[in-house]
Amino acid sequence: MGAQKSIHAGKAKIDVNVDLTHKLCASLMLTPFRSTGSPLSLIIGSLYIKHPNLFGGSEKLDVSWDKGLYDSNVLVAYRRPRPEWLAQQSFVIQHSLSPEIGVHGVPTDNFTRSGSGGVNLSRLSVGMDRNEPASSKWSSATSIKFEHVRPLNDDGRSISRDLDGFPVTCSGNSHDSMVVLRQESRFARANDRTFSRFSLQIEQGIPVLSKWLIFNRFKFVASKGVKLGPAFLLTSLTGGSIVGDMAPYQAFAIGGLGSVRGYGEGAVGSGRSCLVANSELTFPLNKMSEGALFLDCGTDLGSGQHVPGNPALRQGKPGSGIGLGYGLRFKSQFGHFQVDYAINAFQQKTLYFGISNVAS
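In this text, all values refer to a predicted model and were calculated from it rather than measured experimentally.

## Quick word on the overall build of the chain
For step 1, the next point in the chain: Each helix and strand in the chain was counted, giving 3 helices and 21 strands.
For step 2, the next point in the chain: Looking at the 360 residues of the chain, the share that counts as buried comes to 39%.
For step 3, the next point in the chain: Sequence-distant contacts in the chain: of pairs separated by 6 or more residues, those separated by 24 or more amount to 56%.
For step 4, the next point in the chain: Approximately 18,800 Å² of the chain is accessible, and the part contributed by carbon and sulfur atoms is 60%.

Structure, rendered in structure tokens:
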């Protein structure tokens, strides 16, 4: 369903990947909300340009462009050489455009899908990334970036309010600006029968100017895997909260693949806080495939009403939900394929299809 090509131009390397598979994935997850007659709209792919010696001093330049059905992302990263025992620093410029389905999307088909809420986010960020060298089982990364967020409608025009007339920015204007200091710490430990992982991300909005957002947002993910004979049990707990200034698009969206299966993206709820628990038991069927049984549950901890404009209440989201089901996992030289069949608390069924770790 895709094509890949690598081209060498002097010392630079250009990787091109064009893939039509994700069109099927997206169509199963989201109801169509944007129509266009452009042939390019049907193409999903990526373009990577890597230069290992930009100015003759081993400076590295990476440029990437990823295009989805309804989203795109451009990333430019410049890194100067540093010894491995020192923190690695990168200057990063990034621009992304994507539909804001998780918070402003409208649940349909008894919450199994999410349609467009007419809000898209254009994000521009400029700043520095700093990755500390791994020590024992811990690693950490720090970044400080200026971020400019501009909501757009489906026609690409700037908006300050959603279809119901409620503000979609914290400032009430057509954009939000902020300087964000982000710190992430990660822990990982594994042996032949079990593994443990934990990550904690803290974001702090710095009030460089009085109109810029001031907030503190944290999110954690803890997971544990245990081998039970030929089967493998994976459990995880995800949670987070935000205090201070807040735009609706910063809310925690609950529901969908990677959250609570059986629901559309963000169809369970969107709040200032969240707590999501997942458990999945996989067992081998043959050398190339595995079966899976899973149970997901999530809640906004009653915080949906504290999101500006209370979009969850206006869209009838329940605020908590449970999904359970079964699935198949396939492994091949082309990547890992996943098919899940889930049922939510409203006895409505959802089919998920995904691809990960695609071979290069």
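## Describing the nonpolar core
For step 1, the next point in the chain: Counting residues in hydrophobic clusters, the biggest one holds 22 residues, and the most contacted among them are Met178, Phe215, Tyr249, Ile254, Val260 and Tyr263.
For step 2, the next point in the chain: Every element with two or more residues in this core is listed here: β11 (176–190), β15 (252–254) and β17 (273–284).

## Comments concerning the pairing of strand β4 (residues 60–67)
For step 1, the next point in the chain: Pairing between strand β3 (residues 44–51) and β4: 7 bridges, direction antiparallel. Each residue of the ladder has a partner; that of Ile49, found in β4, is Val63.
For step 2, the next point in the chain: Two elements, β4 and strand β5 (residues 72–79), share 8 bridges in a ladder whose sense is antiparallel. Directly across from Lys67, in β5, lies its bridge partner Ser72.
For step 3, the next point in the chain: What sits between β4 and β5 in their antiparallel hairpin is a turn of 4 residues.

## A look at the packing of aromatic side chains
For step 1, the next point in the chain: Counted according to the given criterion, the structure contains 5 aromatic pairs.
For step 2, the next point in the chain: Centroid distance Trp138 to Phe187: 5.1 Å. Interplanar angle 50°. Geometry classified as tilted. With Trp138 in strand β10 (residues 138–152) and Phe187 in strand β11, this pair connects stretches of sequence that are 49 residues apart.
For step 3, the next point in the chain: Judged by its relative accessible area of 44%, Trp138 is partly exposed.
For step 4, the next point in the chain: With centroids separated by 5.9 Å and ring planes inclined at 10°, the aromatic side chains of Phe195 and Phe232 adopt a geometry described as stacked. With Phe195 in strand β12 (residues 194–206) and Phe232 in strand β14 (residues 231–244), this residue pair connects regions lying 37 residues apart in the sequence.
For step 5, the next point in the chain: Of note, Arg197 hangs over the ring of Phe195, and the distance from its end group to the ring centre comes to 4.7 Å.
For step 6, the next point in the chain: The positively charged end of Arg217 is found above the aromatic ring belonging to Phe252, 4.1 Å away from the centroid.

## Details of the pattern of salt bridges
Should their charged atoms come close, side chains of opposite charge can pair.
For step 1, the next point in the chain: A full pass over the atoms with the stated rule returns 13 salt bridges.
For step 2, the next point in the chain: With a shortest N-O distance of 2.8 Å, Arg182 and Glu203 are connected by a salt bridge. Taken together, the residues Arg182 in strand β11 and Glu203 in strand β12 connect sequence positions 21 residues apart.
For step 3, the next point in the chain: Among the residues examined, Glu203 registers a relative accessible area of 11% and is labelled buried.
For step 4, the next point in the chain: Of the charged contacts, one joins Arg329 and Glu280 as a salt bridge, the two residues approaching to 3.0 Å between their closest N and O atoms. Separated by 49 residues along the polypeptide, Arg329 in strand β19 (residues 320–332) and Glu280 in strand β17 bring together distant segments of the chain. The burial state of Arg329 is the same as that of Glu280; both residues are buried.

Reading guide: rules and limits
Residues numbered from 1 in each chain as written. Predicted model: local features only at pLDDT ≥ 70, side-chain atom pairs only at ≥ 80, totals over all residues. Heavy atoms only, no water. Helix = DSSP H or I, 4+ residues; strand = E, 2+ residues; numbered from the N terminus. Buried < 20%, exposed > 50% of the residue type's maximum accessible area, 1.4 Å probe, protein only. Contact = heavy atoms within 4.5 Å. Areas by Shrake-Rupley, 256 points an atom, 1.4 Å probe, with all protein chains shown as cover. Core = buried A, V, L, I, M, F, W, Y, C linked by side-chain atoms within 4.5 Å. Pairing = 2+ DSSP bridges. Phe/Tyr/Trp six-rings, centres within 6.5 Å; stacked < 30°, edge-to-face > 60°. Lys NZ or Arg CZ within 6 Å of the ring centre and 35° of its normal. Salt bridge = Lys/Arg side-chain N within 4 Å of Asp/Glu carboxyl O.

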